[in-house]
Amino acid sequence: MSDTKMPDTLLEVDGIETCYGLSQVLFGLSLSIRSGEMVALMGRNGMGKTTTIRSIMGMTPARAGKIRFGGQEVRALPSYKIAKLGIGLVPEGRQIFPNLTVRENLVAASGNRLGSPDPWTIEKIHALFPRLAERGSNMGVTLSGGEQQMLAIGRALMTNPKLLILDEATEGLAPLIREEIWNCLSMLKAQGQSVLVIDKNVGNLSRIADRHYIIERGRAVWSGTSAQLIAEPDLQHRYLGI
Ligand SMILES: Nc1ncnc2c1ncn2[C@@H]1O[C@H](COP(=O)(O)OP(=O)(O)OP(=O)(O)O)[C@@H](O)[C@H]1O
Ligand SMILES: [Mg+2]
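A short tour of the structure in this document, coming up. (Residues numbered from 1 in each chain as written. Chains lettered and ligands numbered in written order. Predicted model: local features only at pLDDT ≥ 70, side-chain atom pairs only at ≥ 80, totals over all residues. Heavy atoms only, no water.)

**Some details on the site of ligand 1**
Around ligand 1, 13 residues are found, and the nearest of them are Gly46, Lys49, Thr50, Thr51 and Glu92. The contact in question runs from an oxygen atom of ligand 1 to an N or O atom on the backbone of Met47, over 3.2 Å. Within the side chain of Lys49, a nitrogen or oxygen atom sits 2.8 Å from an oxygen atom of ligand 1. Among the elements that make up the shell around ligand 1, the one with the highest residue count is helix 1 (residues 49-56) (three residues). In terms of residue class, the shell around ligand 1 is built from three nonpolar, five polar and five charged. (Near = heavy atom within 4 Å. Polar contact = N/O pair within 3.5 Å; in protein donor to acceptor, adjacent residues only side chain to side chain. Helix = DSSP H or I, 4+ residues; strand = E, 2+ residues; numbered from the N terminus. Nonpolar A, V, L, I, M, F, W, Y, C, P; charged D, E, K, R; others polar.)

If you want it as C-alpha cells, here you go:
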C-alpha cells in the first residue's frame, strides 16, 4: 500500500497538469498530506509552487489528474466550495481586506462549518499574535507587512480549517517577525494542525516540517523527511540554489 493511500490522508494530489492559457506549468505533479502533518513545498522561483496551491484551491483548475481532499474529489469544484470543505489559505501577497479593520477582517472570515470542538476565536488569535489586538481598530491598509501576514494567518485560522496553506510564510518580513511566524507555525503543528507551507528558509522548514517536496519545472522531483533533506546537502544545491 503506498503512503498516499493511507486512511488518514487529508490531501492527495495525483498527477495534476495545470496551464495558464497555452502555457503548461504543472506536468503530472503529485503530493500528499496526512492529518496532522506539516509538509513543505520547496523549489526555486517560477517552478510551480504557487500554481500547485492555485490548483488545489481551484483558482487555476488543473486540467488533468486528481485532487482529493478528505477523500472527496475536488478538482472540478469552484474555489469557494473547496475552501468550505476546510482549507484556509494565506495567499502570496496576503490579500487582506484593506478597507476593513483588523477585527473586521477576522470576523468576516470566522466560521465553524465543520464543527471543530474547540474553534478559533478572536481572543485566541490575539493570544497567538498580541500585535493584532493592539491594532484591532486599524484599517487593514495601514498595517505593516508583518502585521498583514499575522492577520492573513489569523483570518485563515478563523475559518477553522482542516488544512492551513501558507504561500510564502515569511517572505519579505523583518527577522523578528519571521521568528514570530515560525513560532506560530510550531505551535499550530504541536496542536495537530495540518499545514502545507511554502517558504525559502530551508533551515526553519527542516526544523519544523515533517516532510518536504521539491518542485522543479512543474514536477515533484524529490520528497522526504527533514532528516533526509538535511542528509543530502547536494539536493539543496541542485534544486534550491543554496
Ligand atoms: N497568471 C499567470 N499567467 C501565465 N503564467 C504564469 C502565471 N502565473 C505564473 N505563471 C508562470 O508559471 C510558472 C510557475 O509560476 P509559480 O507562480 O507557480 O511559481 P512559484 O514556484 O510559486 O515561484 P515563486 O517562488 O517566484 O513564487 C512561472 O513560469 C510563471 O511565470
Ligand atoms: Mg509563488
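**Some details on the coordination of the magnesium ion (ligand 2)**
Each protein donor to the magnesium ion (ligand 2) is listed here as Thr50 (OG1) and Glu92 (OE); together their distances run 2.0 to 2.4 Å. Here the residue Thr50 occupies a position in helix 1, and Glu92 occupies one in the loop between strand 6 (87-90) and helix 3 (102-109), the gap between them amounting to 42 residues. Under the relative-accessibility criterion, Thr50 is labelled partly exposed at 21%. Glu92 gets classed as partly exposed once you look at its relative accessible area, which sits at 34%. (Donors = N, O, S within 2.8 Å, 3.2 Å for Na, K, Ca; no water. Buried < 20%, exposed > 50% of the residue type's maximum accessible area, 1.4 Å probe, protein only.)

**Looking at the packing of helix 3 against helix 6 (residues 145-157)**
Where helix 3 meets helix 6, the closest approach of the two axes is 7 Å, and the angle between their N-to-C directions is 25°. In terms of axis orientation, helix 3 runs roughly parallel to helix 6. Of the two possible hands of crossing, helix 3 and helix 6 adopt the one that is right-handed. Side by side, helix 3 and helix 6 meet where Val102, Asn105, Leu106 and Ala109 of the first sit next to Leu151, Gly154 and Arg155 of the second. (Axes fitted to C-alpha atoms, helices over the stretch in contact; angles between N-to-C directions. Parallel < 35°, antiparallel > 145°, perpendicular 65-115°, else oblique. Left-handed = near helix turned anticlockwise from the far one by under 90°. Contact = heavy atoms within 4.5 Å.)

**Considering helix 7 (residues 175-190)**
Between its first and last C-alpha atoms helix 7 spans 23 Å; for 16 residues at 1.5 Å apiece the expected length is 22 Å, and the two agree. Buried residues of helix 7: Ile181, Trp182, Cys184, Leu185 and Leu188, and no others. On an axial view of helix 7, the arc spanned by its buried residues comes to 155°, and they lie on one face. Away from the buried face of helix 7 by more than 90 degrees, exposed residues Pro175, Leu176 and Ala190 are located. Those residues of helix 7 hidden inside the fold are in contact with strand 3 (38-42), helix 4 (122-128), helix 6, strand 7 (163-166), strand 8 (194-198) and helix 8 (202-208). The first or second residue beyond helix 7 is Gly192, which carries a positive phi of 90°. (Expected span 1.5 Å × (residues − 1). Arc of directions from axis to C-beta.)

**A few points about the layout of surface pockets**
Taken as a whole, the largest pocket encloses approximately 520 Å³ of empty space. Lining the largest pocket are 23 residues; nearest its centre among them are Ala83, Ile87, Gly88, Leu89 and Thr159. For the lining of the largest pocket, the secondary structure elements donating two or more residues are helix 2 (79-84), strand 6, helix 3 and helix 6. Taken together, the residues that form the lining of the largest pocket break down as twelve nonpolar, eight polar and three charged. Counted as a void, the second largest pocket has a volume near 370 Å³. Taken together, the residues of the lining of the second largest pocket break down into six nonpolar, nine polar and three charged. (1 Å grid on protein atoms, 1.4 Å probe; cavity = no way out; pocket = protein on both sides within 12 Å on 5 of 7 lines; lining within 4 Å. Points joined across faces, edges and corners; volume = space filled by probe spheres on them.)

**Quick word on the packing of aromatic side chains**
Under the counting rule described, the total for this entry stands at zero aromatic pairs. Taking NZ or CZ as reference, Arg155 lies 5.1 Å from the ring centre of Phe97, over its face. (Phe/Tyr/Trp six-rings, centres within 6.5 Å; stacked < 30°, edge-to-face > 60°. Lys NZ or Arg CZ within 6 Å of the ring centre and 35° of its normal.)

**Quick word on the environment of Glu92**
Sequence separation between Glu92 and Gln149 is 57 residues; the distance between their C-alpha atoms is 9.7 Å. Not counting chain neighbours up to four residues away, the residues in contact with Glu92 comprise Thr50, Asp167 and Glu168. There is a polar contact of 3.2 Å between the side chain of Glu92 and the side chain of Thr50.

**Focus: the sheet that holds strand 1 (residues 9-20)**
The strand order 2-1-4-5 describes an open sheet built from four strands, whose pairing is antiparallel. The open sheet is flanked by strand 2 (23-34) and strand 5 (72-73), the only strands paired with a single partner. On the sheet, helix 1 packs against strand 1, strand 2 and strand 4 (64-69) and is oriented at approximately 110° with respect to strand 1. (Pairing = 2+ DSSP bridges.)

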